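The lines below spell out each chain.
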Amino acid sequence: MHSPASTRRRTSWLSRRSPAGTAAVARLRTAGYHVDCDAGFDTDARTVSYLPLGASVAQLAERIRTATTTDEAADALTELTAAHDGVLAALGDILTATAEFHEGLGEAADPHIARRLRYLADELLRSVRTDLCDTRNALADRHAPHPGRSTCTEQVPATERERSAVCACPPPPRTVAAPPPAVATGLRR
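Quick look at the structure, then. The structure displayed is predicted, hence computed values, not measured ones.

A short note on helix α4 (residues 87-103)
When the terminal C-alpha atoms of α4 are compared, their 25 Å separation across 17 residues agrees well with the 24 Å that a helix rising 1.5 Å per residue should span. Among the residues of α4, those classed as buried are Leu-88, Ala-89, Gly-92, Leu-95, Ala-99 and His-102. Angular distribution of buried residues about the axis of α4 spans 150°; they occupy a single face of the element. In α4, the exposed positions that point more than 90 degrees away from the buried face belong to Asp-93, Ile-94 and Phe-101.

What follows is the structure in structure tokens.
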């Protein structure tokens, strides 16, 4: 049983923490996570916020999966391959910055790691960027619909016997997967 003083402290702590906890619950639910929480933190509000970086990049893949024209696919690839502010340019910056970081660490393996990171940025990433830019340009030049995909008009002829089987709607959007459950750590036998 809790004393009145400890109950007041706990209530006081909850009242101070509740806005932050409630905001955290709202952010997690906005990102697609199912959150079980105490009633004091529960909210139906959804925050206007940016998705985590990985989810934002994954949306490019989803845009390509649901693209109905070559122009839509090319637009998604443009965000990936843009020379100054594309995802691949940022990845190159990360590899270069990590290489520079390793150069000053002083361990015997650090120069090798730095060279490998520079190779990844300068050679392999350049090859990926070049191939994707060529693919993007070829798609942009086509200006054609994808033959296996169409935008759903939600209108099916009344003469169709099975109306629900005819709709060409794209599949529902994927939801962000819940994080894996925590694994107990301990000594293995």
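So, next bit.
Comments concerning the packing of α4 against helix α5 (residues 110-142)
Where α4 contacts α5, the two axes come as close as 7 Å, and the packing angle between them is 170°. Relative to α5, α4 is oriented roughly antiparallel. Touching Leu-88, Ala-89, Leu-91, Gly-92, Leu-95, Thr-96, Thr-98, Ala-99, Glu-100, His-102 and Glu-103 of α4 are Asp-110, Ile-113, Ala-114, Leu-117, Arg-118, Leu-120, Ala-121, Leu-125, Val-128, Arg-129 and Leu-132, all from α5. Across the contact of α4 with α5, the residue classes tally to 13 nonpolar, 4 polar and 5 charged.

What about the pattern of salt bridges?
Applying the stated criterion across every chain, the model contains 5 salt bridges. A salt bridge links Asp-42 to Arg-29, with the shortest nitrogen-to-oxygen separation between them at 2.7 Å. Remark: Arg-29 occurs in helix α1 (residues 4-30) and Asp-42 occurs in the loop between α1 and α2 (53-66); sequence separation between them is 13 residues. Given the relative accessible area of 17%, Arg-29 is considered buried. As a salt-bridge pair, Arg-65 and Glu-62 come within 3.6 Å of each other at their nearest N and O atoms. Placement of both Arg-65 and Glu-62 in helix α2 is noted, with a separation of 3 residues, approximately one turn of the helix. Here Arg-65 falls in the partly exposed class, since its relative accessible area comes to 42%.

Focus on the packing of α2 against helix α3 (residues 70-81)
When two helices pack together, their arrangement is given by the angle between their axes and by how far apart the axes lie. It is the contact of α2 with α3, at a shortest axis distance of 8 Å, that shows an interaxial angle of 165°. Considered as vectors, α2 and α3 are oriented roughly antiparallel to each other. Between α2 and α3 lies a crossing of left-handed hand. Note on element contacts: α3 touches α2 through Glu-72, Ala-73, Asp-75, Ala-76, Leu-77, Glu-79 and Leu-80, opposite Leu-60, Arg-63, Ile-64 and Thr-66. Of the residues contributing to the contact of α2 with α3, the split by class is 6 nonpolar, 1 polar and 4 charged.

A closer look at the side chain of His-102
Here His-102 shows up in helix α4. According to the relative accessible area criterion, His-102 is buried, its value standing at 18%. The residues contacting His-102, other than those within four sequence positions of it, are Asp-110, Ile-113, Ala-114 and Leu-117.

Describing the nonpolar core
In terms of nonpolar packing, the biggest core is built from 15 residues, with Leu-80, Leu-95 and Leu-139 touching the most fellow members. Those elements that place two or more of their residues in this core are α3, α4 and α5. Beyond its immediate sequence surroundings of up to four residues, Leu-95 is in contact with Leu-117, Leu-120, Ala-121 and Leu-125.

Examining unusual backbone geometry
For His-143, which is not glycine, the phi dihedral falls at a positive 50°. With respect to the secondary-structure elements, His-143 resides in the segment after α5.

Notes on the environment of Leu-132
Checked against the element boundaries, Leu-132 lands in helix α5. What makes Leu-132 partly exposed here is its relative accessible area of 24%. C-alpha of Leu-132 to C-alpha of Leu-77: the two residues are 55 residues apart in sequence and 7.3 Å apart in space. Discounting residues that sit within four places of it in the chain, Leu-132 has contacts with Leu-77, Leu-80, Thr-81 and Leu-88.

Here's the deal with the side chain of Asp-110
Turning to its location among the elements, Asp-110 is positioned in helix α5. Despite its burial, Asp-110 pairs with no opposite charge, the nearest such side chain being Arg-115 at 11 Å. Polar side-chain contacts of Asp-110 include one of 2.8 Å to the backbone nitrogen of Glu-107. When residues no more than four places from it in sequence are discounted, the contact partners of Asp-110 are His-102 and Leu-105.

Rules of the game
- Residues numbered from 1 in each chain as written.
- Predicted model: local features only at pLDDT ≥ 70, side-chain atom pairs only at ≥ 80, totals over all residues.
- Heavy atoms only, no water.
- Helix = DSSP H or I, 4+ residues; strand = E, 2+ residues; numbered from the N terminus.
- Expected span 1.5 Å × (residues − 1).
- Buried < 20%, exposed > 50% of the residue type's maximum accessible area, 1.4 Å probe, protein only.
- Arc of directions from axis to C-beta.
- Axes fitted to C-alpha atoms, helices over the stretch in contact; angles between N-to-C directions.
- Parallel < 35°, antiparallel > 145°, perpendicular 65-115°, else oblique.
- Contact = heavy atoms within 4.5 Å.
- Nonpolar A, V, L, I, M, F, W, Y, C, P; charged D, E, K, R; others polar.
- Salt bridge = Lys/Arg side-chain N within 4 Å of Asp/Glu carboxyl O.
- Left-handed = near helix turned anticlockwise from the far one by under 90°.
- Core = buried A, V, L, I, M, F, W, Y, C linked by side-chain atoms within 4.5 Å.
- Lys, Arg positive; Asp, Glu negative; His and termini not counted.
- Polar contact = N/O pair within 3.5 Å; in protein donor to acceptor, adjacent residues only side chain to side chain.

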